[in-house]
Structures are given as structure tokens and as C-alpha cells.
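Observations on the three-dimensional arrangement
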Amino acid sequence: MRIDPPGPPLRALPGLLRKLAVDRLGMMRDAAGLGDAVRVSMGPKKLYIFNRPDYAKHVLADNSDNYHKGIGLVQSRRVLGDGLLTSDGETWREQRRIVQPAFKPGRINQQAAAVAEEAAKLVALLRGHEGGGPVDVLQEVTGLTLGVLGRTLLDSNLTAHESLAHSFEEVQDQAMLEMVSQGMVPAWLPLPPQARFRRARRELYRVADLLVADRRSRMADGGPGDDALSRIIVAADMRRDDPARARNRLREELVTLLLAGHETTASTLGWTLHLLERHPEVRDRVRAEARAALGDGVPGPEDLHRLTYTTMVVQEAMRLFPPVWILPRVAQQRDVVGGYTVSAGSDVLVCPYIMHRHPGLWEDPERFDPERFEPQQTADRPRYAYIPFGAGPRFCVGSNLGMMEAVFVTALVTRDLDLRTVAGHRAVAEPMLSLRMRGGLPMTVSTAR
């Protein structure tokens, strides 16, 4: 017997469909108000929205082979091709096997010094603005995350490629435009956004080619390393049946690594620092913990377990503003989720942003409260109630590095500096990866007392 999830009342359907085009996060909020499982019909197309941990577990883990990447995939592939974020099936499994060793906990612990050094550089850079006008902290932490990415995963210096952050912003803006317009605006039209997108894509590919050439030359001198870039270069060189396709795949996988490796952590840091300035009592506890655990030094891997409250602060920031705010899938075959029938070819959405604010899972869910992540608070919480890094086989491969980076930077910046928000900002749900802050995060800087 076929059982469909409830759909919106007819009077609400036009508003939901309009928000699907222009405000997907707003649509997800409205749909969540209708229940934990909602079906929206768009002619012959069906959209299923699931907002319960057990439903998310089924889609993302238990029957993940049936659910391939969904809405936004076409737009993302214009830049990322068949990189790790956009590929499926055996292609994805091969890519994951290639890069996974670069993210093993032992190797990540070895990168702690590089993360701490980059964090210390950020503190020094921000201190240079003390007494001056507002500084865009989000821009500065983006530079930090690119620096960490280059040193830890690519064995490359990315500071010489200042165009990267701007180029990624341009291609994501274009992806948003294409999603809003539902692909009705041809990519070949000579419109200004299209032209900016093409320039940005060319620049990303140019930088990728330079990084590959540099790393390849150093590998020839000293042999392949254990970093992610060396691994994908070696894998590309083994694809001898189609050298041109191997070269393109290498470029796509590197651009994917560049994007995924910096953007989500920068967003997490931006929101964490913003929330700390809105909650001085939390900020003071983070500062006290950092001074007690680290003194005047920089953290090492052994300090992560000492920065327990700082870790909870980062976790709570990711609850409110998850770095991966929505997980879109397409059902390959007919399925049943929580007793509800999902038809083949339907779009399926799991939204961490909404589930992280579910009143049945979180007490006073809009409140910023790091103590939610005290061990006694998390013991009885459903595993899939909190999925800031995704879940299942496609769980973010860089989660350990991202957490180390976010905790170390939050501790050092809060210990040494006092950042005061001087202007507001707004959140925009991005189509590809994260919930980003647009217009920067203007703050003034002084030395922490």
C-alpha cells in the first residue's frame, strides 16, 4: 500500500514553490512547519523533505546507494566536474579511497603545528588593525583556512594565489543564479554574471594547473608525499587509457579540494566569532580556558582534549549555522522512508539547518548554548539529530582537520584579541556547500584584557 507524506494545503503551495526558486532556506522552514515528512508536487516532479533523525539515517546511511547527489549538482559540475563533492557510485568511491589516507587521525595530528602557526599569523594580522577602523574578519579567516589547506593537504603555498577566494565567490554566485532561474538563462549568453563566472573558472583552473606543475616537479626530486595533492596526481598518472580525461579529472578534483577544504571552515569560524561577541559570558569562559590550557603558547594535538568548552562552542555554532546546511539527493529507485513511499526519480532533501533547530530534539533551539554538548546532554540524543558534516558514507572526509582548525583558531583569537562587531550581517543559503555570510563580518580589534 502506497502512503505519501502529507503535502502543503493548496493555498500554501504557490508560496512554497515561489520560495523554492528564490529562498530555499525559507521554503525549508515553511515545510518543517507542516511536519517531519513533507511532499511537494511540481507537476510530474516530486520533492520530499525529511526532518527526522531516523529518516535522515535511512537516506544518508542505511540506503545511501539509492540516493545520489541532487539539486544543485548540474550547477556545481560546471566548475567541479566529477570531483569528490559531485561524483557518485564507483567514481566517488575511487576518489574517496585515494584521498582518505591524507585525513587519517595520525597524519592530521602531525599537522597541528602548521594549524597553530597559521592561527598565530592570523592573530598577529588582526592585532595590526588594533585601534583602526573595522576589519572584515571573514575575509581574514578565509585567508587563514587557505593557508592551512595549502600546508596540510597540498604541501603548497596558497598565499601567492590571492585570487582564489574571490574566484570561488564568483562561481558560487553564478551557481545560485542558475538555481534560482532553474537553468532558464543559457550559459552562453554574454551577460555580466556569466562573464564573471567564466573568468573565475579560468582563474581557478589556471591556479590548479600551477599547483599541479609545482607539486609534480617536487615529487620528481623527492618522490611522492603523503599529502592529498600528491595522491591525486599519482592516481591521475595511472589513468593511461585517456590522458586528456585524466588531466581534467585531476584539475576538477583539486578545485573541489580547494573549495571544500577552506570555505566551510571559514564560515564556521566567522559564525563562531560572531556568536562569541554576541555572548560575552561565553567568550570569557573560552578566554579563561585558553589561558589555562595554553598559557602564552600555541596549541598542539594533545591540547584538544583540554579545550573542551571551546570545542563545545564550535559545535554549538555549527548546530545553529551548519557548514553543510542542506543535503540534496535523488532517489534512484522507489523506496520507503519511515513508512512513506518515495517514488523513483524524486528529489529528496535532508536539511541539517532545520533539524538542528527541531523543537522536539533541542530545548529552546534558537538559543546559543554550548552546554548542550556536555557529555551528559548528548548521551541520549539521536545520533542523526546533529549532522553538521553530513552523515553516512559521504560524511565529510576533512571533519577532523576542520574541527582542529576551528577550535585552535577560536581559542587563540579569543585569548589574545577582543573583537567587537560594529555592523550586522545577513546569512544567505548557498547552493553548493555552506551557509555563508555575505557582506563580510566587520569588526574592530583590540587586545584582550
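Presented here is a report on the structure given in the accompanying data block. (Residues numbered from 1 in each chain as written. Predicted model: local features only at pLDDT ≥ 70, side-chain atom pairs only at ≥ 80, totals over all residues. Heavy atoms only, no water.)

**Re the nonpolar core**
Core analysis: the biggest nonpolar cluster contains 105 residues, and Met28, Leu154, Leu254 and Leu258 have the highest contact counts within it. When residues in this core are grouped by element, the largest group, 12 residues, is from helix 12 (residues 243-278). Ignoring any residue separated from it by four or fewer positions in sequence, one finds Leu258 in contact with Leu149, Leu154, Leu158, Leu164, Phe168 and Leu211. One finds Tyr55, Ala56, Val324 and Val350 within the second-largest nonpolar core, a separate group that totals 19 residues. (Core = buried A, V, L, I, M, F, W, Y, C linked by side-chain atoms within 4.5 Å. Buried < 20%, exposed > 50% of the residue type's maximum accessible area, 1.4 Å probe, protein only. Helix = DSSP H or I, 4+ residues; strand = E, 2+ residues; numbered from the N terminus. Contact = heavy atoms within 4.5 Å.)

**What to know about empty space enclosed by the protein**
Under the criterion given, the structure shown has 2 cavities of 30 Å³ or more. Each pocket or cavity is described by its volume, and for the second largest cavity that value is around 50 Å³. Lining the second largest cavity, in full, are Leu273, Leu276, Glu277, Arg283, Val413, Thr414, Leu417, Asp418 and Leu419. When residues of the lining of the second largest cavity are traced back to their parent elements, those giving at least two are helix 12, helix 17 (399-416) and strand 9 (417-421). For the lining of the second largest cavity, a count of residues per class yields 5 nonpolar, 1 polar and 3 charged. (1 Å grid on protein atoms, 1.4 Å probe; cavity = no way out; pocket = protein on both sides within 12 Å on 5 of 7 lines; lining within 4 Å. Points joined across faces, edges and corners; volume = space filled by probe spheres on them. Nonpolar A, V, L, I, M, F, W, Y, C, P; charged D, E, K, R; others polar.)

**Examining the packing of helix 7 (residues 112-127) against helix 8 (residues 137-154)**
Relative to each other, helix 7 and helix 8 sit at 155°, their axes nearing to 9 Å. The pairing of helix 7 with helix 8 is recorded here as roughly antiparallel in orientation. For the pair helix 7 and helix 8, the sense of crossing is right-handed. The residues of helix 8 that touch helix 7, namely those facing Ala114, Val115, Glu117, Glu118, Ala119, Lys121, Leu122, Leu125 and Leu126, are Glu140, Val141, Leu144, Gly147, Val148, Arg151 and Thr152. (Axes fitted to C-alpha atoms, helices over the stretch in contact; angles between N-to-C directions. Parallel < 35°, antiparallel > 145°, perpendicular 65-115°, else oblique. Left-handed = near helix turned anticlockwise from the far one by under 90°.)

**With respect to helix 8**
Here helix 8 spans 25 Å end to end across 18 residues, near enough to the 26 Å set by a 1.5 Å rise per residue. Helix 8 sits mainly inside the fold: 15 of its 18 residues count as buried. Sitting at the head of helix 8, Asp136 places a side-chain oxygen 3.2 Å from the backbone nitrogen of Leu138. (Expected span 1.5 Å × (residues − 1). Polar contact = N/O pair within 3.5 Å; in protein donor to acceptor, adjacent residues only side chain to side chain.)

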